[in-house]
Structures are given as C-alpha cells and as structure tokens.
Amino acid sequence: MIILLPLFIGLAIIGYLISKPYYREYKRAKVKNLPFNHAWQQIIAQRMPYFKQMPISLQQQLQKHIQVFIAEKEFVGCNGINITDEIKVTIAAQACLLLLNRKTNYYPQLNTILVYPSAFVKKQIAQSADGIQYTRQVALSGESWGFGKIVLSWQDSLHGAELPHDGHNVVIHEFAHQLDQESGQANGAPILGKGQNYQRWSEIFSTQFSLLRIQAAAGKPSIFDYYGATEPAEFFAVVSEVFFEKSVQFSHEHPALYQQLKDYYRVDPRHW
Ligand SMILES: [Zn+2]
C-alpha cells in the first residue's frame, strides 16, 4: 500500500492539472450567465460615455468580460482608498475593451490591481548628463509589473474613461503592457492572432517607432505621445491608447499601423 501511495499522489496531481482549465471555464460560464448587475450598468452609463455607442453585441461581450474579470481579480486599495464597485467596474470595463472578439484567458498572469487615489510617487534610478547615477522621485498614474500586479491611480483611471477622445488612457496603456508580457518580456510584440504575421508586424512597428523617435527628437507634433518613443514596449502601449481613443485620426495618419492594431484587437473603434 505504501509503495502505491506515490502513484496515487501522482495521479491526483495529474488529474488536478488536466481538470483545472475545464473547471475554470465552467466557473467562467457560470459567472457570465448571471444577469448583469443593474448598479454596475448605471456605473458604466455614467463613467463610460461611449459604451452605448458600441454595437450591442460588443456591449454584451464587454459585460460578460467585466463579470469574469471582477470575479477573478483582486482589487487592493492603497493610501487609504476604499475599493468600491464604481472603482472595480470602471477599471474592469476599460481593461476588457482589449479582450473583445477573441478567445481570451483574462490576463492570466495578473492577480492583483493596486489602486491609489491619485498619482503615486516612486523612486527611480536616473543618470545625470555626466554619467552620475542618482535617485529621483517620479509621480506615476500607472505601472504594469511582470509578476502579477498592476498599479493604477483612480483619478487617472476615471479621467481615461470619462475623456474617451483625448488619446490618453492609463488603463488601456497598462493592460496593453500585460498583453505584451504574455509573450515573455514586454517588447512591443504581443502574441499575434490567426492570420497575423510577425514579420509584417515587426516591419511596420519598427518604421513607425523610428518615425516617432525622430519627431520627438525634433519636437515635431505627433498623434502619439513622445513617451512612446522611449522603447518598443511603451510604443505599443501608447499606440494602443490612441487606437481606442482617436481611431479616425489614427487611421488617416498611420493607416498601416492602424490596420495591424485593428487585426490584433479585432475591433474597429472608428464605428463607435
Ligand atoms: Zn508604459
């Protein structure tokens, strides 16, 4: 009997690993089948003005994604902020915009969303012009960590939802980083969908990234924030914000890049 014990334990572990994804899907289906909370619907109507302009099928998809997202992710209030349904729904709704129209595992690496009342201060190592390293304090509206956490300023997350056409959205930015991190290190190349070509993606993104670097160095105006010129991962996050928030102008000024993002996100926000 004692000899068989390791075998039983091994079989139990294998059984658990095999059944885990099925059980997770079963739980998600149950959550999605619940009627959408009326109070949550009111929060969306109040905080996310463009929701009602989205096609009905996308509105329904988004609601189901919000239900799963809130059921699975932990929200933690920092610096004295109390986590309310308003905070959860407003953040979840924007985060789930990036998951529409495709099979998704709901940011599998992400467990916790840390929410600060407003911009939070972080220490950073910087380098002076003569090469001396020093510590400085910077105020951030959001940050995506590689080990299961996202940090967000509630004030900035709220502005992102309420001002859908200014091209800035910290929630979209940080969750784009999460998608990028699913392929390993964040490098501006997330896992592409069926029919998308990595080489084409790389060519278009490299060209457009170089263009933004030139524009930023020369102080020339761009639809994209110069912050996107710092590194490819930031470029992907910045263009994702603009894709959802200034889609018409984006598609006119950078049609090839817009097409890549349209294929990747499987939505066309020009119609919302
Ligand atoms: Zn970033």
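Scope of this entry: the structure provided in the associated data block.

The rules behind these values
Residues numbered from 1 in each chain as written. Predicted model: local features only at pLDDT ≥ 70, side-chain atom pairs only at ≥ 80, totals over all residues. Heavy atoms only, no water. Pairing = 2+ DSSP bridges. Helix = DSSP H or I, 4+ residues; strand = E, 2+ residues; numbered from the N terminus. Right-handed = clockwise from strand over helix to strand, strands pointing away. Donors = N, O, S within 2.8 Å, 3.2 Å for Na, K, Ca; no water. Tetrahedral: all angles 85-135°; square planar, octahedral: opposite > 155°, others 65-115°. Buried < 20%, exposed > 50% of the residue type's maximum accessible area, 1.4 Å probe, protein only. Arc of directions from axis to C-beta. Phe/Tyr/Trp six-rings, centres within 6.5 Å; stacked < 30°, edge-to-face > 60°. Lys NZ or Arg CZ within 6 Å of the ring centre and 35° of its normal.

For strand E1 (residues 74-77) and strand E2 (residues 112-116), the ladder comprises 4 bridges, and the chain directions are parallel. From the neighbouring strand, Glu 74 faces E2, where its bridge partner is Thr 112. A crossover connection joins E1 to the parallel E2 through helix H4 (residues 85-96); in handedness this β-α-β unit is left-handed.

Every protein donor of the zinc ion is accounted for by His 173 (NE2), His 177 (NE2), Glu 234 (OE) and Glu 234 (OE), and the metal-donor separations fall at 2.0 to 2.7 Å. With 4 donor atoms in place around the zinc ion and angles of 52 to 144° between them, the coordination shape is irregular. Binding-site remark: the zinc ion is held by donors from one chain whose sequence spacing is H-x3-H-x56-E. Pair noted here: His 173 is in helix H6 (residues 170-181) and Glu 234 is in helix H8 (residues 232-245), with a separation of 61 residues, a long-range link.

This part takes up helix H5 (residues 154-162). Within H5, burial applies to Trp 154, Ser 157, Leu 158, Gly 160 and Ala 161. Projected down its long axis, H5 shows its buried positions confined to an angular sector of 155°, all on one face.

Attention shifts here to the packing of aromatic side chains. The full count for this structure, using the stated rule, is 25 aromatic pairs. With 4.2 Å between their ring centres and 10° between their planes, Trp 201 and Phe 205 make a pair best called stacked. Taken as a pair, Trp 201 and Phe 205 lie in helix H7 (residues 198-218) at a separation of 4 residues, close to a single helical turn. Considered together, Trp 201 and Phe 205 belong to a single accessibility category, that of buried residues. Ring geometry for Phe 224 and Phe 235: centres 6.0 Å apart, planes at 80°, overall edge-to-face. Of this pair, Phe 224 sits in the loop between H7 and H8 while Phe 235 sits in helix H8, and the two are 11 residues apart along the sequence. Each of the two residues, Phe 224 as well as Phe 235, counts as buried. The ring centre of Tyr 264 lies 4.8 Å from the NZ or CZ of Arg 102, which sits over that ring.

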